[in-house]
Amino acid sequence: MKRVIGIGNALTDMLVNLESDSVLRKYLLEKGSMSLVDSKLQTEISKSVAGLPYSLSLGGSAGNTIRAMARLGCGTGFIGKVGPDTTGDFFEQALANLGVKPFIFRGSERSGKCVALISPDGERTMITHLGAALELTAADVRADIFEGFDCVYIEGYLVQNHELIEHTAKERGLQVAIDLASFNIVKENLDFLRALVEKYVDIVFANEDEAIAFTGENEPINALQAISQLCELAIVKIGIRGALIKHRSEVVHVGIMAAARRVDTTGAGDFYAAGFLYGMCAGLSLRQCGTIGAITAGKVIEVVGTTFGEEAWEDIFRLVKKVRNERYLF
């Protein structure tokens, strides 16, 4: 089994269930997007939804992926930066408790937080104050951190720091995987991201909107083809239609696992990547990898946030075992 180390923004998530999308309109937030904001605006938005149901959990895109991979049985590590506070202590200890090797640095600002506003239809709009996560630098990411790992998984939201993300992608001898994170992030950093993928990246994960923004192609199959010309393996997730996967000349379409209920899409892409990369680490076929990705993504949208109980994990383990025995579910 190969080992994967992730690098991303170390965040705590505050997940708020909205009664309507009025707060999105009030603050001109594009539904489904991720916006970086200062602490003042994040606090103002948080106050505007005070009294609505909410929950707290470990967050961050790459952090979600790596934690899920650890639960699936992969050897994992995570690189990030938190503040000199109890939130930072909690984040680091929680990783260790899950069997993730933590490479957690301490910054001077308070630990970062993401407020995820969950619309009645389950779509999430994220307002993120990075705090100490923003202080992670290329100098922190020493070469010896990667010893014993086979793949580095890079969170696309790190693209606000071009030097850091390029420094990490250059790490010699490791496969490089990246998730494109959000369509607005892609639009704002298009030239840099395209050059990064072409030079250093082996595996690209994107949803339909991100793939369109990245390639300029309006059809997912054409976007998949365009991405595959820049890297070895391209995965384009197409919502309820599943995902398109291309490795060299092989193209596979894998459907979704129907969720019992669609409560919250927070972490769906992160958990898809976790399932897919787990399959790769185990040496499984593209279809098996995509199917396990669909299983993990399908489970996480049934709950608010990215944390669920042992019963759900046992169900995932049962389904994954079937897939590994090549009894495909969909």
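Structure's up top.
*Asks:* What is the right way to read the pairing of strand 2 (residues 11–17) from this model?
*Replies:* Along a regular strand, successive side chains alternate from one face of the sheet to the other. Burial runs high along strand 2: six of the seven residues are buried. In this structure, strand 2 lies alongside strand 7 (residues 112–118), joined through seven bridges in parallel fashion. Bridge pairing links leucine 11 to glycine 112 in strand 7. In this structure, strand 2 lies alongside strand 4 (residues 54–58), joined through five bridges in antiparallel fashion. Across the sheet, residue aspartate 13 finds its bridge partner in strand 4, namely serine 57.

*Asks:* So what exactly am I meant to see when it comes to the packing of aromatic side chains here?
*Replies:* For any pair of aromatic rings, the description consists of the separation of the ring centres together with the inter-plane angle of the planes. Under the counting rule described, the total for this entry stands at seven aromatic pairs. Ring centres of phenylalanine 78 and phenylalanine 91 lie 6.0 Å apart, and the angle between their planes is 50 degrees; this geometry places the pair in the tilted category. Taken together, the residues span a long stretch of sequence, with phenylalanine 78 in strand 5 (residues 75–82) and phenylalanine 91 in helix 4 (residues 86–97) at a distance of 13 residues. Owing to a relative accessible area of 2%, phenylalanine 91 belongs among the buried residues under this scheme. Centre to centre, the rings of phenylalanine 308 and tryptophan 313 are 5.1 Å apart; their planes meet at 40 degrees, and the pair counts as tilted. A single burial state applies to phenylalanine 308 and to tryptophan 313, both of which are buried. A network of ring pairs unites the aromatic residues Tyr153, Phe205, Tyr272 and Phe276 as a single cluster. Across from the ring centre of phenylalanine 149, 4.7 Å away, lies the NZ or CZ of arginine 3, which sits over that ring. Positioned above the aromatic ring of phenylalanine 214 is the side chain of arginine 194, whose terminal nitrogen or guanidinium carbon lies 5.4 Å from the ring centre.

*Asks:* Explain helix 8 (residues 208–215) to me, please; I cannot follow it from the model alone.
*Replies:* Residues spaced three or four apart along an α-helix face the same direction, because each turn holds 3.6 residues. Within the span of helix 8, buried status applies to Glu210, Ala211, Ala213, Phe214 and Thr215. Against the buried residues of helix 8 lie strand 10 (175–179), helix 6 (183–188), helix 7 (190–200), strand 11 (203–207), helix 9 (220–228) and strand 12 (233–237). With a side-chain oxygen positioned 3.2 Å from the backbone nitrogen of aspartate 209, the residue opening helix 8 is asparagine 207. One or two steps after helix 8, the chain reaches glycine 216, where phi turns positive at roughly 85 degrees.

*Asks:* Looking at this structure, I do not really get the pairing of strand 6 (residues 100–106). What am I missing?
*Replies:* Pairing of strand 5 with strand 6, which is carried by seven bridges, proceeds in the parallel orientation. Pairing of threonine 76 across the sheet is with valine 100, part of strand 6. Viewed along the sheet, the connection from strand 5 through helix 4 into strand 6 turns out right-handed.

*Asks:* Would you explain helix 4 in this entry?
*Replies:* Between its first and last C-alpha atoms helix 4 spans 16 Å; for 12 residues at 1.5 Å apiece the expected length is 16 Å, and the two agree. Every buried residue belonging to helix 4 is among Gly88, Phe91, Ala94 and Leu95, and all of these are buried. Projection of helix 4 onto a plane perpendicular to its axis shows the buried side chains occupying an angular sector of 130 degrees, all on one side. Residues of helix 4 that are exposed and point more than 90 degrees away from the buried face comprise Thr86 and Asn97. Its buried side turned inward, helix 4 meets strand 2, strand 4, helix 3 (61–72), strand 5 and strand 6. Once helix 4 finishes, glycine 99 follows within two positions and takes phi at roughly 90 degrees, a positive value.

*Asks:* Mind showing me how you'd approach the packing of helix 5 (residues 162–169) against helix 7 here?
*Replies:* Helices that pack against each other are described as a pair by the angle of their axes relative to one another and the distance between those axes. Orientation of helix 5 relative to helix 7, taken along the N-to-C sense of each, is 15 degrees, at an axis distance of 10 Å. On the basis of their axis angle, the class for helix 5 and helix 7 is roughly parallel. Where helix 5 crosses over helix 7, the handedness of that crossing is right-handed. Taking contact as the criterion, the partners of His162, Ile165, Glu166 and Ala169 in helix 5 are, on helix 7, Phe192, Leu196 and Tyr200.

*Asks:* Honestly, the sheet that holds strand 8 (residues 124–129) in this entry has me stumped. Any pointers?
*Replies:* Paired through backbone hydrogen bonds, the strands of a sheet run either parallel or antiparallel to each other. If you trace the five strands from one edge of the open sheet to the other, you get 3-8-7-2-4, paired in mixed fashion. Among the strands making up the open sheet, the edge pair consists of strand 3 (34–36) and strand 4. When the angles between neighbouring strand axes are averaged without regard to direction, this sheet yields 20 degrees.

*Asks:* Looking at this model, I keep getting lost on the side chain of histidine 129. Mind explaining?
*Replies:* Mapped onto the secondary structure, histidine 129 falls in strand 8. From its side chain, histidine 129 meets the backbone nitrogen of serine 39 in a polar contact 3.5 Å long. Ignoring anything within four residues of it in the chain, the contact list for histidine 129 reads Leu11, Val37, Asp38, Ser39, Gln42, Arg110, Gly112 and Lys113.

*Asks:* Sorry, what's going on with the pattern of salt bridges here?
*Replies:* Where charged atoms from two side chains of opposite charge come close, those side chains can pair. Taken as a whole and judged by the stated rule, the model has 13 salt bridges. For glutamate 92, the salt bridge identified is with arginine 106, shortest N-O distance 3.2 Å. Placement of the pair is glutamate 92 in helix 4 and arginine 106 in strand 6, with a sequence separation of 14 residues. Lysine 299 is the salt-bridge partner of aspartate 315, the closest N and O atoms lying 2.6 Å from each other. One end of the pair, aspartate 315, is in helix 12 (residues 310–324); the other, lysine 299, is in helix 11 (residues 286–300), with 16 residues separating them in the sequence. In this structure, aspartate 315 and lysine 299 share a single accessibility class: buried. Ionic contacts of the salt-bridge type, sharing partners, join the residues Lys299, Glu302, Asp315 and Arg318 into one network.

Conventions adopted
Residues numbered from 1 in each chain as written. Predicted model: local features only at pLDDT ≥ 70, side-chain atom pairs only at ≥ 80, totals over all residues. Heavy atoms only, no water. Buried < 20%, exposed > 50% of the residue type's maximum accessible area, 1.4 Å probe, protein only. Helix = DSSP H or I, 4+ residues; strand = E, 2+ residues; numbered from the N terminus. Pairing = 2+ DSSP bridges. Phe/Tyr/Trp six-rings, centres within 6.5 Å; stacked < 30°, edge-to-face > 60°. Lys NZ or Arg CZ within 6 Å of the ring centre and 35° of its normal. Contact = heavy atoms within 4.5 Å. Polar contact = N/O pair within 3.5 Å; in protein donor to acceptor, adjacent residues only side chain to side chain. Right-handed = clockwise from strand over helix to strand, strands pointing away. Expected span 1.5 Å × (residues − 1). Arc of directions from axis to C-beta. Axes fitted to C-alpha atoms, helices over the stretch in contact; angles between N-to-C directions. Parallel < 35°, antiparallel > 145°, perpendicular 65-115°, else oblique. Left-handed = near helix turned anticlockwise from the far one by under 90°. Salt bridge = Lys/Arg side-chain N within 4 Å of Asp/Glu carboxyl O.

These values are about where atoms sit, not about what they do.
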